[in-house]
Amino acid sequence: MANVVMYTRDMCGYCLRAKRLLEQKGVAYTEYNASDEPSYRAEMISKSGGAATFPQVFIAGEHIGGCDDLYALERRGQLDAMLSLS
């Protein structure tokens, strides 16, 4: 299974939707909550090339984007292949 990292914040509906999709697929992920640790926001922006909205998702080190991008991969049938990378 690919390593999945997600930067989130509290009270974020998009974050909840992204987490729900991964959980429905049985995918473990590492969550960095910027509400708990504000330095995660700067880290996220740097790693994503400037994306400042939450969530930001990375699969196997590749920046996927936000919740809508994650669901777009799912609709195109590409998410499972990305998640199965080791």
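Structural data are supplied above this passage.
The residue count restarts for each chain, going from 1 along the sequence in the order it is written. Totals for whole chains, interfaces and linings use all residues, but because this is a predicted model, local features are given only for residues with pLDDT of at least 70 and pairs of side-chain atoms are given and counted only at 80 or more. Just so you know, side-chain values use all the structure's heavy atoms and leave hydrogens and water out.

## Some details on the pairing of strand E4 (residues 62-65)
Reasoning step 1: Strand pairing is assigned whenever DSSP detects at least two bridges linking the two strands. The helix and strand labels rest on DSSP assignments: H or I over at least four residues marks a helix, E over at least two residues marks a strand, and numbering proceeds from the N terminus. Sheet topology note: the strand E3 (residues 56-59)/E4 ladder contains three bridges and is antiparallel. Across the sheet, Val57 pairs through a bridge with Gly65, a residue of E4.

## Remarks on the sheet that holds E3
Reasoning step 1: Sheet architecture is open: four strands sit in the order E2-E1-E3-E4, paired in mixed fashion. At either end of the open sheet lies a strand with only one pairing partner, and these are strand E2 (30-33) and E4. Across the sheet, the axes of successive neighbouring strands diverge by a mean angle of 20 degrees, strand direction being ignored.
Reasoning step 2: Residue contacts follow a heavy-atom distance rule, with two residues in contact if any of their heavy atoms lie within 4.5 Å. Each axis is a line fitted through C-alpha atoms, and for a helix only the stretch in contact is used; angles between axes span 0 to 180 degrees, taken between their N-to-C directions. Along the sheet, helix H1 (residues 13-24) contacts strand E1 (4-8) and E2; its crossing angle with E1, the most-contacted strand, is approximately 160 degrees.
Reasoning step 3: Helix H3 (residues 67-75) rests against E3 and E4 of the sheet, and its axis sits at about 95 degrees to E4.

## Remarks on the packing of aromatic side chains
Reasoning step 1: Side-chain rings of Phe, Tyr and Trp, where Trp is taken by its six-membered ring, are said to pair if the distance between their centres is within 6.5 Å; with planes under 30 degrees apart they count as stacked, over 60 as edge-to-face, and otherwise as tilted. Tallied over the full model, the rule gives three aromatic pairs.
Reasoning step 2: Between Tyr7 and Tyr32 the ring centres are 5.3 Å apart and the planes differ by 25 degrees, which places this aromatic pair in the stacked class. With a gap of 25 residues between them, Tyr7 in strand E1 and Tyr32 in strand E2 connect regions that are remote in the sequence.
Reasoning step 3: Only protein chains enter the calculation, and the probe is 1.4 Å; a residue is then buried if its accessible area is under 20% of its type maximum, exposed if over 50%, and partly exposed in between. For Tyr7, a relative accessible area of 1% corresponds to the buried category.
Reasoning step 4: A relative accessible area of 26% places Tyr32 in the partly exposed class.
Reasoning step 5: Through pairs of rings, three or more aromatic residues link up here, namely Tyr7, Tyr32, Tyr40 and Phe58.
Reasoning step 6: Remark: a charge is flagged as sitting over a ring if the NZ atom of Lys or the CZ atom of Arg is within 6 Å of the ring centre and within 35 degrees of the ring normal. Directly above the aromatic system of Tyr71 lies the positively charged group of Arg17, at a separation of 4.3 Å from the ring centroid.

## Section: the nonpolar core
Reasoning step 1: By size, the foremost hydrophobic cluster in this structure holds 17 residues, and its most contacted members are Ile59 and Leu70.
Reasoning step 2: The element best represented in this core is H3, accounting for four residues.
Reasoning step 3: Excluding residues within four positions of it along the chain, Ile59 makes contact with Ala2, Asn3, Val4, Ile64, Leu70, Leu79, Met82 and Leu83.
Reasoning step 4: In terms of nonpolar packing, the next biggest core, distinct from the first, is built from eight residues, Val5, Tyr7, Cys12 and Cys15 among them. Here, the term nonpolar core denotes a set of buried Ala, Val, Leu, Ile, Met, Phe, Trp, Tyr and Cys residues that are joined through side-chain atoms within 4.5 Å.

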